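# Per-entry structural report
Here's the letter readout for the chains.
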Amino acid sequence: MPMSSRNGIRITTADGYLPAGFTPPNLTVRADAHVADIVLEGARARGVRLLDGSVINAGWVVLCAGTYGSPPILMRSGIGPGDHLRGVGIAVRVDLPGVGANLVDHPALDIEYGYEGPVRQTRLHCIATFHSASRQGSEAPDLMFWLADPGGPAGSPPTFDIEVVLLRPRSRGTVRLRSADPAEMPRIDLPDLRDPFDVQRLADGYRRALEVVRQPEIRHICTDPSAPELRGDDVLNMIRRDAYSIPHVVGTCAMGARPKDGAVVDASGNVHGTERLSVVDASIMPDVPSGFTHFPTIMIAERLSERIGSLL
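Before going into details, it helps to say that this report is about the structure given with it. By convention here, each chain's residues receive numbers from 1 onward along its written sequence. At least 70 in pLDDT is required for a residue's local features to be given in this predicted model, at least 80 for side-chain atom pairs to be given and counted, and no such filter applies to totals for whole chains, interfaces and linings, which use all residues. The basis for every side-chain value is the complete set of heavy atoms in the structure, and neither hydrogens nor water enter the calculation.

### Some remarks on the environment of tyrosine 68
- Only runs of H or I of at least four residues qualify as helices and only runs of E of at least two qualify as strands under DSSP, and these elements are numbered from the N terminus. Note that tyrosine 68 resides in helix H2 (residues 66-76).
- Considering only alpha carbons, one finds tyrosine 68 and arginine 176, 108 residues apart in sequence, at a separation of 9.3 Å.
- Throughout, a contact is declared for two residues whenever any of their heavy atoms are within 4.5 Å. Apart from residues no more than four positions distant in its own chain, tyrosine 68 is found in contact with Leu103, Val175, Pro186, Ile188, Leu190 and Val249.

Right, here's the structure in full:
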């Protein structure tokens, strides 16, 4: 798995999109310049206000603060679920119930086995996707194994891990403000497997992982399994206790046509009920992809930056 690499080195979007050695004349980077809210004139975005009170004027405001960061900026600007905004003392400009809702993630479960054998300095990763027992073959896979070469923390015995990932979860969480104070961190309520259907499908993945490690080719190098072979309710309880976030969080400014159905932005990333205000990050995905979210987020940025650029 390439893991966004070039010539064997993992790269960021800055490495991939900005010229090396100099800063383009149309780009200004202001480090540690935290945004308090969006400056609005009626429904039209005119810029952003920083925590120190200074204002950066703009012909078009594009939020790229991510699944956890973009909703709080909108809400502090009066754009979001009306009852929640009034509850923290913020005047409502645009009542959009979907802002901060629909937080979706890939929950995962790590199954660890002892390992006896050589360890490579550079660990290789691979993935395999498949369907749970309740998923139709014509639908996208809803489970994934994420495996890496055996390894572990320095000084510890190496282990062989299978990470079971639920690709199509039903459970949802929220991002909400604690107060109107822009310096206060938001309250993030992760989707914690509220839906029993999610737990059952992770249990399917757990049982499939056990089938893998029982194979002779695996057993002869993993002779000391530290993960118990649980059954029945013990499996479900273990999943509820031990499942964790990957995290591949998306969805808190979901794209869609109807704000009353939870949509925050339209098909061009423009915030419903506003002008010259867009969100372009993973938060606008209405559901999580059946895979990693990094490349889809880059694709969204490429597509929507072209659309916004054509309107300026």
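### Digging into H2
- Whether a residue is buried, partly exposed or exposed follows from its accessible area with a 1.4 Å probe, protein chains only, as a fraction of its type maximum: under 20%, in between, or over 50%, in that order. Burial runs high along H2: nine of the 11 residues are buried.
- Those residues of H2 lying buried are Gly66, Thr67, Ser70, Pro71, Pro72, Ile73, Leu74, Met75 and Arg76.
- Taken together, the buried residues of H2 touch strand S3 (35-41), strand S6 (61-63), strand S7 (79-80), helix H3 (82-87), strand S13 (174-176) and strand S16 (277-279).
- Of the residues trailing H2, glycine 78 is marked for its positive phi of about 90 degrees.

### Brief notes about helix H7 (residues 294-311)
- Compared with an ideal rise of 1.5 Å per residue, which puts 18 residues at 26 Å, H7 spans 26 Å between its outermost C-alpha atoms and is within 8% of the ideal.
- Listed in full, the buried residues belonging to H7 are Ile298, Ile300, Leu304 and Ile308. Relative to the axis of H7, the buried residues are bounded by an arc of 155 degrees and lie together on one face. Across from the buried face of H7, at angles greater than 90 degrees, the exposed residues are Met299, Glu306 and Ser310.
- Buried-residue contacts for H7 involve helix H1 (13-17), S6 and S16. Helix span is expected to be 1.5 Å times the residue number reduced by one. By arc we mean the arc of the directions from the helix axis to the C-beta atoms, nothing more.

### Some thoughts on the nonpolar core
- In terms of nonpolar packing, the biggest core is built from 34 residues, with Ile38, Leu74, Ile79, Val271, Leu277 and Val279 touching the most fellow members.
- Elements with a contribution of two residues or more to this core: S3, strand S4 (44-50), S6, H2, S16 and H7.
- Apart from the residues within four sequence positions on either side, isoleucine 79 is in contact with Leu40, Leu74, Leu85, Val94, Leu96, Val99, Val271, Thr274 and Leu277.
- Counting 26 residues, the second largest nonpolar core, distinct from the first, contains Val164, Tyr206, Val235 and Leu236. In this description, a nonpolar core means a group of buried Ala, Val, Leu, Ile, Met, Phe, Trp, Tyr and Cys residues linked to one another through side-chain atoms lying within 4.5 Å.

### Side note on a nonpolar patch on the surface
- Residues form patches when they are more than 30% accessible in relative terms and have no salt bridge. Like charges link within 9 Å. Nonpolar side chains (Val, Leu, Ile, Met, Phe, Trp, Tyr) link within 5 Å. The method behind every accessible area is Shrake-Rupley, applied with a 1.4 Å probe, and residues are considered shielded solely by the protein chains displayed. By convention in these notes, a salt bridge is any Lys or Arg side-chain nitrogen within 4 Å of a carboxyl oxygen on Asp or Glu. Taken together, Leu18, Leu27 and Val29 make up a surface patch of nonpolar side chains, about 260 Å² in accessible area.
- Exposure remark for leucine 18: the relative accessible area of 40% places this residue in the partly exposed category.

### Re the packing of aromatic side chains
- Side-chain rings of Phe, Tyr and Trp (the six-membered ring for Trp) are treated as a pair once their centres are within 6.5 Å; stacked means planes under 30 degrees apart, edge-to-face means over 60, and tilted covers the remaining angles. Tallied over the entire structure, the rule returns two aromatic pairs.
- With a centroid separation of 5.0 Å and 85 degrees between ring planes, the pair formed by tryptophan 146 and phenylalanine 292 is classed as edge-to-face. Placement of the pair is tryptophan 146 in strand S11 (residues 143-148) and phenylalanine 292 in the loop between S16 and H7, with a sequence separation of 146 residues.
- In this structure tryptophan 146 comes out as buried when scored by relative accessible area, which is 16%.

### Some words on the sheet that holds S3
- By definition, two strands form a pair when at least two bridges between them are found by DSSP. The strand order S3-S4-S5 describes an open sheet built from three strands, whose pairing is antiparallel. Of all the strands in the sheet, just S3 and strand S5 (55-57) have a single pairing partner and so form its edges. Each strand axis lies, on average, 30 degrees off the axis of its neighbour in the sheet, ignoring direction.
- As defined by bridge partners, S3 adjoins S4 across six bridges and the pair is classed as antiparallel. Note that in S4 the partner of aspartate 37 across the bridge is arginine 49. Geometry is summarised by axes, namely lines fitted to C-alpha atoms with helices restricted to the contacting stretch, and by angles between N-to-C directions that run from 0 to 180 degrees.

### Quick notes on the sheet that holds strand S9 (residues 107-114)
- Taken in spatial order, the five strands of this open sheet run S10-S11-S12-S9-S15, and their pairing is antiparallel. Of all strands in the sheet, those bounded by a partner on one side alone are strand S10 (125-130) and strand S15 (244-245).
- Bridge analysis of S9 against strand S12 (residues 159-166) gives seven bridges, and the strand direction is antiparallel. In the sheet register, glutamate 112 faces S12, and the bridge partner there is aspartate 161.
- Running at roughly 150 degrees to S12, helix H4 (residues 196-213) makes contact with S9, S10, S11 and S12 of the sheet.

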